[in-house]
Each structure stands twice: as structure tokens, then as C-alpha cells.
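Each chain is listed here by its residues.
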Amino acid sequence: FLQERPTLCQELLSAGEELTVKACEPAPLLIFSTLEAICIAIFTVEYCLRLALCHTDPRYGSSFLSRTFHYAIQPLNVVDVIAVLPFYLKLALEFSEIGVFGMLRLMRVCRLLKLAKHHQGIMVCWEALVNSGITLALLFFYEVLFGIIFATILHTLEGSKYSVAEEFTEPYMDLVTGKNMPPRYPTGVFVRRNLWDTGDEPTPFYSIPAALWWVFTTTTTVGYGDFAPTTTMGQCLGVLVFYFGIILLALPIGVVSQNFECAYERAHQGTRRRRMTSLISAKTRTMMSNARHGHVLTNRPVAPHLAPEQKGGISRWIFTVMNDPNSSIIAMGLSYISFGLIIVTTFSLILESMPVFNYTPAGCGAVELSVELCKPEPDPAFEAIEVTGSVFFTVEYALRIIFAHSASEEELGLTVAPCVADAKPLPGWKKTLRYALQPLNVIDIMAIVPFYLEFIGLGGSGAAVLRVLRLVRIFRVLKSPKMRACVDMILCIVPCFNHWSCHSPFFVFQPCHRSR
């Protein structure tokens, strides 16, 4: 009732001419346009005056241009520009055919962010979120990581069975109109058992992205209930996802609440305390944790400095290049290649499950419908990506295992025994074995073996399970310099991993006492 229809629409309707969206789309009342113009004029004048006079404040630089530039790129000043920009863009595009008006209207919501400049509580919340940035980033990373794993398993359990049953591929009668309707799925459909276990039904988990929606809404305890698992194994996985979501959300609460408390104290006491941050350095692998009941990580070199007489040996050099990305430029380059292949192969597996990237074989329906002839097959490009990634990971893993005996225990990430006079170094075969049994190295072999099992034809009916196992290579991301310290921190919290992680060579723990 606060909108009016243009008179041009009624004129077209009376003349019997074709109606258009531009002529008939309801527009707000004139009073709203007037208020919009007045507010924009005030915001524009206020921003221009501040921008023109900011050079008088020495905090923003040493010259006129430097001060103006550094003031203009501050987040809240960028918000000011975004708040007024839609109005002027709409005026400039008023007579064009560019369909961006919907986006321009959406950008107006950014004006609410201007309240942050006038409300201290918003600034306190913002400061707490900034100080908790690494914690929230870690939460998001693990949410995506395990979300992809759970979605792939759920898609395998409830979305990998293909059916060409007559109830799906034959014409049917519409009970409402009484007319014969064409088949819903002429060449078949992926199905699952229904909730009452009386037959099959089209599955809502027809792809990994579709399963991701359910996993994310479940782990965040939203639970829309639009669809859910119906099979026994799927429901068991659902229970696991429930509890995982609760645990995952509970981990960063202590850090965020402490940062909020510190920001609140600074805001109300007017003191300028040193801001506590969490920093992961790619060169030193140092992490500072400011959790209330946690510990703070102290610096420890990633790899000890090698004495000149220890630097020789091609086998030691090869292992260092493959295992430590910070050892040289070559090692860093291989690390980036490995990270890129992990991301590409993971997304390849996700896209491979989507119907848009699958095709129905040409022989489907030529004689009869069958699962063997009609089941959709992924594009051959996905297989090429998988072969490339598997070969690279195989060579990289083999070189690390072959030359692991030449590295020191600390370089291998093994628990170093207390320094005693009669301590003896481990033999080469034992160092290699203990290195190969580390969790992240076990993940490496688990990600490689399924490819070769499928290649030689041993997958059989378990091919879908092998495809899920291939996805565990995404955990290789945790071996990157910026993530390894975070992994050790999380594993140290879990009792069953406490011994392995808390003695990791990447960091040590010391008590953290917060001063009041």
C-alpha cells in the first residue's frame, strides 16, 4: 500500500497494448524519494567536508595526498561511499537498459553500517571480532573441511543408487487432472529408500553440493527440516553430524568471549592495552593463543639449523624439499603446487557429482533401459584431473618415505626424548616407520591407495566408498605451514591425541596468565 503503479501501465492496458515490466512495476510513493534525496545530500556534504579537511590531521600521514588517501581507505569511510554511491549510480543509469537496480537497492542496506561511527557498542563488537579473526577463520576452515567430508559420505549413502524402475521412467496419470503425463525421469534417477522402507524415492542428495546444504544447516544447529536422511546408515551419520556441529561451535566461544571482555574493558576504562592477536607465521610457524584457560605458543624453529657438516647428502636435501616448504624456494614452489592440486582435485570430485557435469551414455534406451546403460557418467576431464593429482601425490609421498631415514628425529616431527647422556639415535628403518605412521602421513596413503584400487579394477561394488576415501586428501591442507600449528593446537585439546600433538616440534606450550 506504500507503492503506486505508474499511469503508463494503465494507459497500455486501456489501449490493449503489451504490458512491460518497466511500465508496470510498482514504484514507491514520492515522499520516499524525497526523503532519500535529502538524506543522500546530507551524507554527501558531510563526507566531502571530512575528506577535504582530513589533511589537517597528522595521524593519517606526512603529506596532503598521503593523509587524504589513508583516511579515505579506512573501512568506515569506505562504507560512507558505498552508502551514497547507489543513489548516484541510479541517476546515471536512469535511461539505460542495464539491469542493476536490484543490486543498487541492496547496497542501500550498507548505510546501517554508518551506525558504527556513532555507537560505541558496535565498535566493541567489531574490535572483539577482529581480535578473534584467526579463531573464526579456523572455525570456518574446519566447518568447510568436515562439511565436504560429511556431504560426500552422505551423498554416497543416500544418493549413489541409480534406478530405471517403471514408476520413474514410465508415463503416469495425474490424479488431479486425470491426464496422462510424460515420465518424470525418462532415463532413470538416483534414488534412496523412503522413510517407511516400502520402496524407493528420488533422493534429495543427488550431488555433493546438495548434501552440503543439509550438512551446513545441521552443524550450525539450524536444521530447516526440508529434507533429511532416511536410511539407517544415513541417520547414524546424521547423529554424528549433530554432535560434531555442537563441539565445533563450542571451541571458539571462550576466545571470542575473552576478546569481547577485553574490548569492553578498554572501551569503558579508556586504557590503551596491547591488543592480543593470534598470528601464524609462514616462516617461523609461531602461533600466539590468548584463550582464557588455554596456553600460549612460544617460538620454536620449524627445522633446526644444520651444522655445515650435516648439510651434505642428496637424500637429506630431497627429504627437506619434500617435507619442509620453508627450506628453499623449490620446496615452497612444490608446496604451492601440492596445495593447488588438493583444491583442484577436491572441487573436481564435488563437481563430478553434479548432474550438469554428467552425461547419459549414447546407448541408453536403444534397446532397453538398464542401470548399466543409463547411469550418468562424469566428463572425462575429471578423470584426467584425478590421474594427474594421484601421480603427483604418489611421487611426493614415495620420495618422503624413501629418504626419511636421512633426516633427524626433530625434522621428522618425532617426539624427542629428554636429553640424557646415554640416549641413542633411532635406526633409519625405525625413524621411517614412525614417520610413516604419523596421522597426516597415514592420510596421504589413504588418499592415494583408492585410486590404484579402482585403476586395477578391485573397487567393485565399493567404488563409491573408494571415491570417498580419495577425498581425505583435503586433510593434506593441514600440513601447510600456516595450518600445522593450528592442527597441533586442536589435537592437543583432544585427549587421545594429546601425547602426539603436545610434544610436536612445531611448538611447545607454556602457561598463560592474564594480567588484570
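The numbering scheme is per chain: residues are counted from 1 as the chain's sequence reads. The predicted nature of this model means local features are confined to residues of pLDDT at least 70 and side-chain atom pairs, given and counted, to a pLDDT of 80 or more, with totals for whole chains, interfaces and linings taken over all residues. The side-chain values count all of the structure's non-hydrogen atoms but skip hydrogen atoms and water molecules.

The protein chain is annotated in an unreviewed UniProt entry as Ion transport domain-containing protein from Durusdinium trenchii. UniProt positions are given in the numbering used here, feature names are shortened, and annotations may be inferred rather than shown by experiment. Note on the protein chain: under the UniProt heading Subcellular location (unreviewed entry), the record states "Membrane".

## Concerning a nonpolar patch on the surface
Taken together, the side chains of L2, I31, F32 and L35 make up a nonpolar region of the molecular surface, amounting to roughly 360 Å² of accessible area. Counting from the N terminus, the helices are DSSP H or I runs at least four residues long and the strands are E runs at least two residues long. With respect to the secondary-structure elements, L2 resides in the segment before β1 (3–4). Each residue is placed in one exposure class: buried if its accessible area under a 1.4 Å probe, protein chains only, is under 20% of its type's maximum, exposed if it is over 50%, and partly exposed if it falls in between. The partly exposed category is assigned to L2, whose relative accessible area is 41%. Patch membership requires more than 30% relative accessible area and the absence of a salt bridge. Residues of like charge join within 9 Å; the nonpolar side chains Val, Leu, Ile, Met, Phe, Trp and Tyr join within 5 Å. In this description, accessible areas are obtained by the Shrake-Rupley approach with a 1.4 Å probe, and a residue is regarded as covered only by the protein chains that are shown. A side-chain nitrogen of Lys or Arg and a carboxyl oxygen of Asp or Glu constitute a salt bridge if their distance falls within 4 Å.

## Things to note about the pattern of salt bridges
Counted under the stated rule, the structure contains 10 salt bridges. The residue D80 makes a salt bridge to R50 at a minimum N-O spacing of 2.6 Å. Residue D80 is located in helix α5 (residues 75–92), and its partner R50 is located in helix α3 (residues 30–53); the two are separated by 30 residues in the primary sequence. On the basis of relative accessible area, D80 is assigned to the buried category, the value being 2%. Of the charged contacts in the structure, one is a salt bridge between E411 and R316, with a shortest N-O distance of 3.0 Å. You can see E411 sitting in helix α17 (residues 409–412) and its partner R316 sitting in helix α13 (residues 314–323), a full 95 residues away along the chain. R316 matches E411 in its accessibility class, with the two residues each being buried. Sharing partners across several salt bridges, the network here consists of K161, R193, D197 and D200.

## A closer look at the packing of aromatic side chains
Centre-to-centre distance and the angle between the planes together describe a pair of aromatic rings. Here the aromatic set is Phe, Tyr and Trp, taking the six-membered ring for Trp, and pairing holds for ring centres within 6.5 Å; pairs whose planes are under 30 degrees apart are stacked, those over 60 apart are edge-to-face, and all others are tilted. All chains considered together, the criterion is met by 11 aromatic pairs. Arranged with centres 5.8 Å apart and planes meeting at 75 degrees, the rings of F392 and F393 form a pair that is edge-to-face. With relative accessibility at 22%, the residue F392 sits in the partly exposed group. F393 sits in the buried class, given a relative accessible area of 2%. Aromatic rings pair up to connect F146, F150 and F244 into one cluster.

## Some points on the sheet that holds strand β6 (residues 189–193)
Two strands make a pair as long as DSSP finds a minimum of two bridges between them. With respect to topology, 3 strands assemble into an open sheet ordered β3-β6-β7, the strand pairing being antiparallel. Across the chains shown, the open sheet's two edge strands, defined by having one partner strand only, are β3 (161–163) and β7 (200–202). Shown here is a sheet whose adjacent strand axes are inclined to one another by a mean of 55 degrees, direction ignored. Pairing geometry for β6 and β7, over 3 bridges, is antiparallel. Paired with V191 across the strands is P202, a residue of β7. All axes are obtained by fitting lines to C-alpha atoms, using only the stretch in contact for helices, and the reported angles, taken between N-to-C directions, cover 0 to 180 degrees.

## Here we look at the state of the cysteines
When the sulfur atoms of two cysteines come within 2.5 Å, that pair is taken as a disulfide. Counting across every chain of the model gives 2 disulfides. Paired through a disulfide, C9 and C24 show a sulfur-sulfur distance of 2.1 Å. With the S-S bond torsion at 95 degrees, the cross-link from C9 to C24 turns out right-handed. Of this pair, C9 sits in helix α1 (residues 7–15) while C24 sits in helix α2 (residues 21–24); the two residues are 15 residues apart in sequence, bridging distant segments of the chain. For the pair formed by C9 and C24, the shared burial category is buried. Paired by a disulfide, C364 and C374 hold their sulfur atoms 2.0 Å apart. Handedness here is read from the sign of the S-S torsion; for C364 and C374, about 95 degrees, the answer is right-handed. Of this pair, C364 sits in the loop between β9 (358–359) and α15 (371–374) while C374 sits in helix α15, placing them 10 residues apart in sequence.

## Thoughts on helix α10 (residues 208–219)
Expected span of a helix: the number of residues minus one, times 1.5 Å. Between its terminal C-alpha atoms α10 stretches 16 Å, which fits the 16 Å expected from 12 residues at 1.5 Å a residue. Among the 12 residues in α10, 9 count as buried, and that is most of the element. Residues of α10 that are buried include every one of I208, A210, A211, L212, W214, V215, T217, T218 and T219, and no others. We call two residues in contact whenever any of their non-hydrogen atoms come within 4.5 Å of each other. For α10, the secondary structure elements touched by its buried residues are α8 (133–159), α11 (232–250) and α14 (329–352). Phi turns positive one or two residues past the end of α10, at T221, with a value near 60 degrees.

## Quick word on the packing of α3 against helix α4 (residues 64–72)
Running from amino to carboxyl end, α3 crosses α4 at an angle of 140 degrees, the nearest separation of the two axes being 8 Å. Between α3 and α4, the interaxial angle falls into the category oblique. Each of Y47, R50 and L51 in α3 lies in contact with α4, whose residues at this interface are T68, Y71 and A72. Residues were grouped as follows: Ala, Val, Leu, Ile, Met, Phe, Trp, Tyr, Cys and Pro as nonpolar; Asp, Glu, Lys and Arg as charged; and all remaining residues, including Gly, as polar. Grouping the amino acids of the contact of α3 with α4 by side-chain chemistry returns 4 nonpolar, 1 polar and 1 charged. Working rule for angles: under 35 degrees goes down as roughly parallel, over 145 as roughly antiparallel, 65 to 115 as roughly perpendicular, anything else as oblique.

## Some points on unusual backbone geometry
Even without being glycine, D197 reaches a positive phi, approximately 55 degrees. Its place among the elements puts D197 in the loop between β6 and β7. For D197, a relative accessible area of 52% puts it in the exposed group. Non-glycine residue T221 carries a positive phi angle of around 60 degrees. On the secondary structure map, T221 appears in the loop between α10 and α11.

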